[in-house]
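Listed below are the residues making up each chain.
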Amino acid sequence: MTIGVLALQGDVREHMAALADLGEVGRLVSGPADLVALAGIILPGGESTTLSMLLESSGLLDPLAAALTDGLPVFGTCAGMILLAETVLDGRPDQRRFGVIDITLRRNGYGRQVASFECDLNVAGIEGPSVHAVFIRAPVVEAVSPDIEVLATLPDHAYTGGDVRNVGGGRPVVCRQGPVLVTAFHPELTEDRRLHQLFVGMTKGER
Ligand code: GLN
């Protein structure tokens, strides 16, 4: 079983390292031929507008959209989450997205780079200590459809970015809908592999 990592821009190496730590075979996906026979694919954190342009120029946009619509398991972190969302507020007008998870999010909703922050989360289905989460110019989830499983929300007072924004506790930050898993933060930037493990389980038909 091979799991792809979209390798156009962003935290590609970090996701490949996470897969290797779990004993999984990762494949860099930079063109349509790389999509063949994948068990799942990870869309990394990075910059969603740049990823959108590179998806078009690489020829990956349409075949990847088709694979995702067909139910290929996918894990999107931060910019990857933006690419997967149904509705994106404050995106660039020409920004493309796959729309395979029924959430509405606001790009850069926690503020600018200086308003990045870290906190500890309880994630449903993940045993043991809380998950340390790194948020970097992260999207804010503004709404989720009733079909979405919210696996983690932002704790009260976690947001220390200091921007004058209404992003208090309770915002969903880990969501799942069928074969689609998204995090507003970057699990690839810490040593904790439990969210990647959760996704690997999804590629093997576990819940
Ligand atoms: N703000 C970025 C975007 O719009 C995402 C940031 C990230 O992935 N750390 O794509």
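Residues numbered from 1 in each chain as written. Predicted model: local features only at pLDDT ≥ 70, side-chain atom pairs only at ≥ 80, totals over all residues. Heavy atoms only, no water.

**Remarks on unusual backbone geometry**
Most of the time, phi is negative for any residue but glycine, and the peptide bond is trans. Here Asp-90, not a glycine, exhibits a phi torsion of approximately 60°, which is positive. One can find Asp-90 in the loop between strand S5 (85-89) and strand S6 (101-106). (Helix = DSSP H or I, 4+ residues; strand = E, 2+ residues; numbered from the N terminus.)

**Details of the side chain of Thr-77**
Assignment of secondary structure puts Thr-77 in strand S4 (residues 74-77). Relative accessible area serves as the criterion here: at 0%, Thr-77 is assigned to the buried category. In terms of polar contacts, Thr-77 uses its side chain to reach the side chain of His-15, at 3.2 Å. (Buried < 20%, exposed > 50% of the residue type's maximum accessible area, 1.4 Å probe, protein only. Polar contact = N/O pair within 3.5 Å; in protein donor to acceptor, adjacent residues only side chain to side chain.)

**Considering the state of the cysteines**
One pass over the full model with this rule turns up 0 disulfides. This cysteine, Cys-175, is not joined by any disulfide, and Cys-78 carries the nearest cysteine sulfur, 13 Å off. (Disulfide = S-S within 2.5 Å.)

**Brief notes about the pattern of salt bridges**
Throughout the structure, instances matching the rule amount to 11 salt bridges. A salt bridge links Asp-21 to Arg-193; the nearest nitrogen and oxygen atoms lie 2.9 Å apart. Taken as a pair, Asp-21 in helix H1 (residues 12-21) and Arg-193 in the loop between strand S12 (180-183) and helix H5 (194-203) lie far apart in primary sequence, 172 residues in all. What makes Asp-21 exposed here is its relative accessible area of 51%. When its relative accessible area of 14% is taken as the criterion, Arg-193 is described as buried. For Asp-90, the salt bridge is made with Arg-106, and the minimal N-O distance between the two is 3.2 Å. (Salt bridge = Lys/Arg side-chain N within 4 Å of Asp/Glu carboxyl O.)

**Thoughts on the side chain of Thr-49**
Tracing the sequence through the fold places Thr-49 in helix H2 (residues 48-57). Judged by relative accessible area, Thr-49 falls into the buried class, the value being 9%. Here Thr-49 is in contact with Arg-92, Gln-95 and Arg-107, once residues within four sequence places are set aside. (Contact = heavy atoms within 4.5 Å.)

**Quick look at the nonpolar core**
Counting 66 residues, the largest nonpolar core has Ile-41, Leu-84, Phe-98, Phe-135 and Val-173 as the members making the most contacts within it. Every residue in contact with Val-173, bar those within four places of it in the chain, is listed here: Tyr-110, Leu-121, Phe-135, Ala-152, Thr-153, Leu-154, Val-182, Thr-183, Ala-184 and Phe-185. (Core = buried A, V, L, I, M, F, W, Y, C linked by side-chain atoms within 4.5 Å.)

**Things to note about the packing of aromatic side chains**
The tally for this structure, following the rule as stated, stands at 5 aromatic pairs. Measuring from centroid to centroid gives 5.5 Å for Phe-75 and Phe-199, while their planes differ by 35°, and the two rings are tilted. Taken as a pair, Phe-75 in strand S4 and Phe-199 in helix H5 lie far apart in primary sequence, 124 residues in all. Each member of the pair, Phe-75 together with Phe-199, is buried. Three or more aromatic residues link up through ring pairs in this structure, and these residues are Tyr-110, Phe-117, Phe-135 and Phe-185. (Phe/Tyr/Trp six-rings, centres within 6.5 Å; stacked < 30°, edge-to-face > 60°.)

So yeah, pure geometry; function would need other evidence.
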